[in-house]
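Letter by letter, the chains look like this.
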Amino acid sequence: MLKNVLQFAHHLLEETISPGDLAIDATCGNGNDTLVLAKLAGAQGKVLAFDIQKQAIASTRERLEASEYTNVTLIQDSHALVDHYLEDNEEISAAIFNLGYLPKSDKQIITTSNSTIPAVEKLLARLKKKGLIILVVYHGHEGGKEEKTALLEYVTELDQKKYHVLKYDFINQINNPPFVLAIEKK
Ligand SMILES: C[S@@+](CC[C@H](N)C(=O)[O-])C[C@H]1O[C@@H](n2cnc3c(N)ncnc32)[C@H](O)[C@@H]1O
């Protein structure tokens, strides 16, 4: 009955993104979330998908080419520079981060709070009312704990007059299960 973290994250995206919207995949990896965003934003909408790794961009491109979606721009750059790729005054309805390392790839290349937090800050500044930023936080790998701790500290301090902040966490699971953070602009 309970949705796992990815099902829950996708459910939130479905509730938030309407056809014609702009959505951001901050860590496209193999493109699973990118395809979900592309479907929800529709032909009139737009998706920007970021990853620092060439291999991830190539993998997402391959997935998109095999799909019906043509509304995605792939960007091999850090999500911390997201503002460089947005038009002036452009607003987003949702963004998703899947943190950690690319599955079956180099486990040394991980997301870190040095770029994740600036990216969240920049996206919050462009988020529509009722828009959502979702972070799926994997933290069992080396370096994951530091990012988790910094992020939790950051989101806990967000002004409750401006944002709802949710943590969706399976608290009886062993081995550092991933959890979801969702920030909604009021
Ligand atoms: C857990 S994987 C993403 C999985 C992906 N959502 C999927 O569906 O396959 C994390 C990704 O974040 C990327 N990454 C790490 N630092 C980044 C940064 N500063 N900007 C953008 N992507 C980054 C990694 O290269 C890796 O592909």
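Residues numbered from 1 in each chain as written. Predicted model: local features only at pLDDT ≥ 70, side-chain atom pairs only at ≥ 80, totals over all residues. Heavy atoms only, no water.

With an unreviewed UniProt entry as reference, the protein is termed rRNA methyltransferase, source organism Oceanobacillus indicireducens.

Colleague: Explain the overall build of the protein to me, please; I cannot follow it from the model alone.
Modeller: Looking only at helices and strands, one finds 5 helices and 7 strands in the protein. Counting helices and strands in the order they occur from the N terminus, the protein gives α-β-α-β-α-β-β-α-β-α-β-β. Taken against the 2.2 N^0.38 rule, which gives 16 Å for 186 residues, the C-alpha radius of gyration of the protein at 15 Å falls within 12% of a compact globule. Projecting the C-alpha coordinates of the protein onto the three principal axes gives extents of approximately 40 × 40 × 35 Å. For the protein, the residues scored as buried account for 51% of the 186 residues in total. Contacts in the protein between residues at least 24 apart in sequence constitute 73% of all its contacts with a sequence separation of at least 6. Averaging the locations of the 20 positively and 25 negatively charged side chains of the protein gives two centres separated by 4 Å. (Helix = DSSP H or I, 4+ residues; strand = E, 2+ residues; numbered from the N terminus. Rg over C-alpha atoms; globule rule 2.2 N^0.38 Å. Buried < 20%, exposed > 50% of the residue type's maximum accessible area, 1.4 Å probe, protein only. Contact = heavy atoms within 4.5 Å. Lys, Arg positive; Asp, Glu negative; His and termini not counted. Charge placed at Lys NZ, Arg CZ, Asp CG, Glu CD.)

Colleague: How should I be thinking about helix α4 (residues 113–126) in this particular structure?
Modeller: Spacing of three or four residues puts side chains on the same side of an α-helix, whose turn is 3.6 residues. The end-to-end C-alpha separation of α4 is 20 Å, in line with the 20 Å expected for 14 residues at 1.5 Å each. Residues Ser113, Ser115, Thr116, Ile117, Ala119, Val120, Leu123, Leu124 and Arg126 constitute the buried set of α4. Along its buried surface, α4 packs onto β1 (22–25), β4 (92–98), β5 (127–137), α5 (144–156), β6 (163–168) and β7 (179–185). (Expected span 1.5 Å × (residues − 1).)

Colleague: Would you explain helix α3 (residues 54–65) in this entry?
Modeller: End to end, α3 covers 16 Å across 12 residues, agreeing with the expected 16 Å (1.5 Å per residue, within 8%). Every buried residue of α3 is accounted for by Ala56, Ile57, Thr60 and Leu64. Buried residues of α3, viewed axially, fall in a sector of 95 degrees; they line one side. Residues Lys54, Glu62 and Glu65 are exposed on α3 and point more than 90 degrees away from its buried face. Buried residues belonging to α3 abut α2 (32–41), β2 (46–51) and β3 (72–76). (Arc of directions from axis to C-beta.)

Colleague: Hey, could you run me through the site of the ligand in this one?
Modeller: Neighbouring the ligand are 22 residues; Asn30, Asp51, Gln53, Ser78 and His79 lie closest to it. In this structure, glutamine 53 approaches the ligand through a side-chain N or O atom, which is 2.8 Å from an oxygen atom. Interatomic distance of 3.0 Å between a side-chain N/O atom of serine 78 and a nitrogen atom of the ligand. Protein chains shield 95% of the accessible area of the ligand, which is 610 Å² for the free molecule. Considering only residue class, the shell around the ligand consists of 7 nonpolar, 12 polar and 3 charged. (Near = heavy atom within 4 Å. Polar contact = N/O pair within 3.5 Å; in protein donor to acceptor, adjacent residues only side chain to side chain. Areas by Shrake-Rupley, 256 points an atom, 1.4 Å probe, with all protein chains shown as cover. Nonpolar A, V, L, I, M, F, W, Y, C, P; charged D, E, K, R; others polar.)

Colleague: Is there a simple way to explain the pairing of β1 in this structure?
Modeller: For a regular strand, side-chain orientation follows a simple rule: the groups alternate between the two sheet faces. Here β1 shows no split at all, with Leu22 and Ile24 on one side and Ala23 and Asp25 on the other all buried. With α2 bridging β1 and the parallel β2, this β-α-β connection has right-handed handedness. As paired strands, β1 and β4 are joined by 3 bridges and run parallel to one another. Across the sheet, alanine 23 pairs through a bridge with alanine 94, a residue of β4. (Right-handed = clockwise from strand over helix to strand, strands pointing away. Pairing = 2+ DSSP bridges.)

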